[in-house]
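The lines below spell out each chain.
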Amino acid sequence: MSTSPAEEPINPISAAGLTGPIHLAVDLGASSGRVIAAGTTNGKLQLAEIWRFENKPVRVHEDLFWNHLGLWQEITYGLRLAANQAASLPDVKIASVGVDTWGVDFGMLDENDQLIGPVRCYRDPRNQGMMAEAVSKLSRDEIFAETGLQFMEINTLYQLIAGRQANDVSLQHAKTFLMMADLFHWMLSGAKTIEATNASTTQMLSPETGQWSAKLLSTFDIPAELFPEPTPAGTPIGVVHPTVAEITGLHEVPVITPATHDTASAVLSVPATDFAPAKPDWCYISSGTWSLMGVELPKPKVTPLCSELNFTNEGGVHRSTRLLKNIGGLWIFQQIRASLQRQGSAPSWSEMVDAAKAAAPFELLINPDDPALLAPTDMIEELHALSQRTGQAAPTDNGVLFRAALEGLALRYRATLESLERLTDSSIQTIHIVGGGSQNQLLCQMTADACNRTVVAGPVEATAIGNVVMQMIGSGRLESISEARKLIRDSFPTTTYQPQNTQIWDEPAARFSQL
């Protein structure tokens, strides 16, 4: 950390015009984290970014870990900045704090409430083969019937099976299991809870009852007593622990669980006019390192077709269901740049988009969910290998790679849209793209063209917005999801993209389906 509160040139809370009660959102993604302050001014929600930091997994030999203690240091530093800035403004009071993170990953505490061992990253190579190990004991149909979840080797269930096979000391001595956001909530408050939306990503929770699956836990020798009962989003779980208050200056500040799974928070920020309709005419794409594409429903769809299409029923706020597909997202685009950085010639993001625009279309088709692209040592080398493996011409320049990474996403969205309409027996007219990917104008237009649907892009800070409005609901400042979404519509601009030249996507889509 390079700056201290005394060196801050401006006060972001003041610059954003925030007054009255404000809420602090700690938003941790798989590549970066932020501390955001937010409040309402003149009837609009305003955000102020207090602190931003990197989040990178750490490789030790063949293992991949998260630097959770480094993240905690960055979080407390950002909270201290926020407390200092708020204290300098007479009309500002910090009303609550809450954390959201990515799903599936976790930490464990022993009988003395000490964190056991490092926290593993979902891309850890030891998870490979664990899904096959699981279905050798319990069929896919049985696992899906219990959980309604998409089968992915990163899921918590397979991580725990990998830990069992490796004789992990952490599993031998664990007394409490906490998802990532819940781990940081415990560090903040001392409360040991698991928020329901994140619990739903584990492939160990029933979407029907919202409780842990006794059948799965017993089959795979996972002690049921590790798991606290899931806590609904918007629940106050305590106040900032006195030792943390000394570090941060947040004395007696309530800790309120947002929808701690970042996608659940992002979906809450979709500026739609309804909530969880039975026959949706809109879908969402939460676009970042991962793309989560789906619909918001009042009930889960644990059906044979859902299992066949490998969709997932994740928990949403207020017992809604997020029926969605996990898609590789901008990971490939990001990792191409990381490969170029290692070569000492990394272009800017805008330069990558410009090069993609200039490249010929459909020179290389990439499935963003190709398992070989999950965690390659070098993405560019892996994409060249993919072109050979799939019988395609080798990429002639980096612009082809940049364009192919975006076209592959748009084609994946097209196929996913078709599946969503089959699953819900509805006609989806609008695609809402929220999150960082909503700023990529080329990808948004490609999505509109490939899917032949209107795309509405924004808000950009979707996860932080969803985090904050759930805290506002939990503290009584907002009464409902409908009121929260109206506040979001009134506060943040969106950009609309209409389909253009859609026919040129038909032939590539047919080829893409064979990858």
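Residues numbered from 1 in each chain as written. Predicted model: local features only at pLDDT ≥ 70, side-chain atom pairs only at ≥ 80, totals over all residues. Heavy atoms only, no water.

> How should I be thinking about the overall build of the protein in this particular structure?
Along the backbone of the protein there are 20 helices and 20 strands. Across its three principal directions, the C-alpha atoms of the protein cover 60 × 50 × 50 Å. Residues counted as buried form 60% of the 515 residues belonging to the protein. In the protein, once contacts between residues fewer than 6 apart in sequence are set aside, the share between residues at least 24 apart is 73%. On the protein, roughly 20,000 Å² of surface is accessible, and the fraction owed to carbon and sulfur atoms is 49%. Positive and negative side-chain charges in the protein, numbering 36 and 55 respectively, have mean positions lying 3 Å apart. (Helix = DSSP H or I, 4+ residues; strand = E, 2+ residues; numbered from the N terminus. Buried < 20%, exposed > 50% of the residue type's maximum accessible area, 1.4 Å probe, protein only. Contact = heavy atoms within 4.5 Å. Areas by Shrake-Rupley, 256 points an atom, 1.4 Å probe, with all protein chains shown as cover. Lys, Arg positive; Asp, Glu negative; His and termini not counted. Charge placed at Lys NZ, Arg CZ, Asp CG, Glu CD.)

> Would you mind showing me how to read the layout of surface pockets here?
It is a probe the size of a water molecule, rolled over the atoms, that shows where empty space is left. Approximately 640 Å³ is the volume found for the second largest pocket. Around the second largest pocket, the lining comprises 28 residues; the ones closest to its centre are Glu 153, Asp 369, Asp 370, Pro 371 and Leu 374. Taken together, the residues of the lining of the second largest pocket sort by class into 14 nonpolar, six polar and eight charged. (1 Å grid on protein atoms, 1.4 Å probe; cavity = no way out; pocket = protein on both sides within 12 Å on 5 of 7 lines; lining within 4 Å. Points joined across faces, edges and corners; volume = space filled by probe spheres on them. Nonpolar A, V, L, I, M, F, W, Y, C, P; charged D, E, K, R; others polar.)

> Would you explain the packing of helix α13 (residues 331-343) against helix α14 (residues 349-358) in this entry?
Interaxial distance between α13 and α14 falls to 11 Å at its minimum, and their mutual angle equals 110 degrees. In terms of orientation, α13 lies roughly perpendicular with respect to α14. Across the interface between the two elements, Phe 333, Gln 334 and Arg 337 from α13 touch Trp 349, Met 352 and Val 353 from α14. (Axes fitted to C-alpha atoms, helices over the stretch in contact; angles between N-to-C directions. Parallel < 35°, antiparallel > 145°, perpendicular 65-115°, else oblique.)

> Whenever I open this one, the sheet that holds strand β20 (residues 495-497) confuses me. Can you help?
Adjacent strands of a sheet form backbone hydrogen bonds with each other and so pair up, either parallel or antiparallel. Spatially, the seven strands line up as an open sheet ordered β16-β17-β15-β14-β18-β19-β20, and their pairing is mixed. Each edge of the open sheet is held by one strand with a lone partner, namely β16 (312-315) and β20. Each strand of the sheet is rotated relative to its neighbour by a mean of 30 degrees, with strand direction disregarded. Relative to strand β17 (residues 321-327), strand β15 (residues 291-297) is paired through seven bridges, and the arrangement is antiparallel. Residue pairing across strands places Leu 297 opposite Thr 321, the latter belonging to β17. Contacts between helix α16 (residues 398-424) and the sheet are confined to β14 (282-287), β15 and β17, with β15 contributing the most and set at about 20 degrees to the helix. (Pairing = 2+ DSSP bridges.)

> Can you help me understand helix α19 (residues 481-491) in this one?
Structural remark: α-helix, 3.6 residues per turn; residues separated by three or four positions point the same way. For α19, the set of buried residues is Ile 481, Ala 484, Arg 485, Leu 487, Ile 488 and Ser 491. The arc that holds the buried residues of α19, viewed along the axis, is 155 degrees, so those residues lie on one side. Summarising the contacts, the buried residues of α19 are in contact with β2 (32-41), β3 (44-54), α11 (262-268), β14, β15 and α18 (462-474). (Arc of directions from axis to C-beta.)

> Honestly, helix α4 (residues 140-147) in this entry has me stumped. Any pointers?
Along α4, the residues that are buried comprise Ile 143, Phe 144 and Thr 147. Seen from one end, α4 has its buried residues packed into an arc of 95 degrees, which puts them on one side. For α4, the secondary structure elements touched by its buried residues are α3 (130-135), α5 (156-165), α9 (214-219), α12 (304-309) and β16. Taken from the residues just after α4, Gly 148 is the one with a positive phi, measuring 65 degrees.

> Sorry if this is basic, but what is going on with empty space enclosed by the protein here?
If you walk through the whole model with that rule in mind, you get one cavity of 30 Å³ or more. Taken as a whole, the largest cavity holds about 50 Å³ of empty space. Together, Ala 264, Val 267, Leu 268, Phe 275, Glu 296, Gly 316, Val 317, Ser 320, Arg 322, Ile 481 and Arg 485 line the largest cavity. Of the residues forming the lining of the largest cavity, the biggest block, three residues, is contributed by α11. Split into classes, the residues belonging to the lining of the largest cavity amount to six nonpolar, two polar and three charged.

> Sorry if this is basic, but what is going on with the sheet that holds strand β5 (residues 63-66) here?
Strand order in this open sheet of three strands is β4-β5-β8, and the pairing throughout is antiparallel. Each of the sheet's edge strands pairs with one partner strand only, and the pair in question is β4 (58-60) and β8 (119-120).

> What should I look at first to understand the packing of aromatic side chains in this one?
Evaluated as defined, the whole model comprises ten aromatic pairs. A ring pair is formed by Trp 212 and Phe 227, whose centres lie 4.8 Å apart and whose planes are at 40 degrees; its orientation type is tilted. You can see Trp 212 sitting in the loop between α8 (196-199) and α9 and its partner Phe 227 sitting in the loop between α9 and β11 (230-231), a full 15 residues away along the chain. As far as the burial class goes, Trp 212 and Phe 227 line up, both buried. Linked through ring pairs, Trp 66, Trp 102, Tyr 122 and Trp 290 together constitute an aromatic cluster. Over the aromatic face of Phe 151 sits the side chain of Arg 140, whose NZ or CZ is 4.1 Å from the ring centroid. Its end group placed over the ring of Trp 349, Arg 337 keeps NZ or CZ at 4.7 Å from the ring centre. (Phe/Tyr/Trp six-rings, centres within 6.5 Å; stacked < 30°, edge-to-face > 60°. Lys NZ or Arg CZ within 6 Å of the ring centre and 35° of its normal.)

> Any chance you could explain the packing of α14 against α16 here in plain terms?
What describes two packed helices is the angle between their axes and the distance between those same axes. It is the contact of α14 with α16, at a shortest axis distance of 7 Å, that shows an interaxial angle of 90 degrees. Comparing their axes, α16 and α14 come out roughly perpendicular. Every residue of α16 that contacts α14 at Met 352, Ala 355, Ala 356 and Lys 357 is listed here: Gly 399, Phe 402, Arg 403 and Leu 406. Each residue belonging to the contact of α14 with α16 can be placed in one class, and the counts come to five nonpolar, one polar and two charged.

> What am I meant to see in the environment of Trp 290 here?
Residue position: Trp 290 is located in the loop between β14 and β15. Put simply, Trp 290 and Gly 437 are 147 residues apart on the chain and 9.7 Å apart in space, counted from C-alpha to C-alpha. Look past the residues within four positions of Trp 290 in its chain and what remains in contact with it is Tyr 122, Arg 123, Met 152, Ile 154, Ile 327, Gly 328, Gly 329 and Leu 374. In terms of polar contacts, Trp 290 uses its side chain to reach the side chain of Tyr 122, at 3.0 Å. (Polar contact = N/O pair within 3.5 Å; in protein donor to acceptor, adjacent residues only side chain to side chain.)

> Looking at this model, I keep getting lost on the environment of Thr 193. Mind explaining?
Within the fold, Thr 193 resides in the loop between α7 (180-189) and β10 (194-195). Between the C-alpha atom of Thr 193 and that of Ala 181, which follows or precedes it by twelve residues, the distance is 9.7 Å. Look past the residues within four positions of Thr 193 in its chain and what remains in contact with it is Leu 178, Asp 182, Pro 228, Thr 231 and Ile 237.

> Explanation requested: the side chain of Asp 370 in the structure shown.
As for its placement among the helices and strands, Asp 370 is situated in the loop between α14 and α15 (379-389). Classification of Asp 370 by relative accessible area gives buried; the value is 17%. Within polar-contact distance, the side chain of Asp 370 engages the side chain of Arg 389 at 2.8 Å. Discounting residues that sit within four places of it in the chain, Asp 370 has contacts with Leu 386 and Arg 389.

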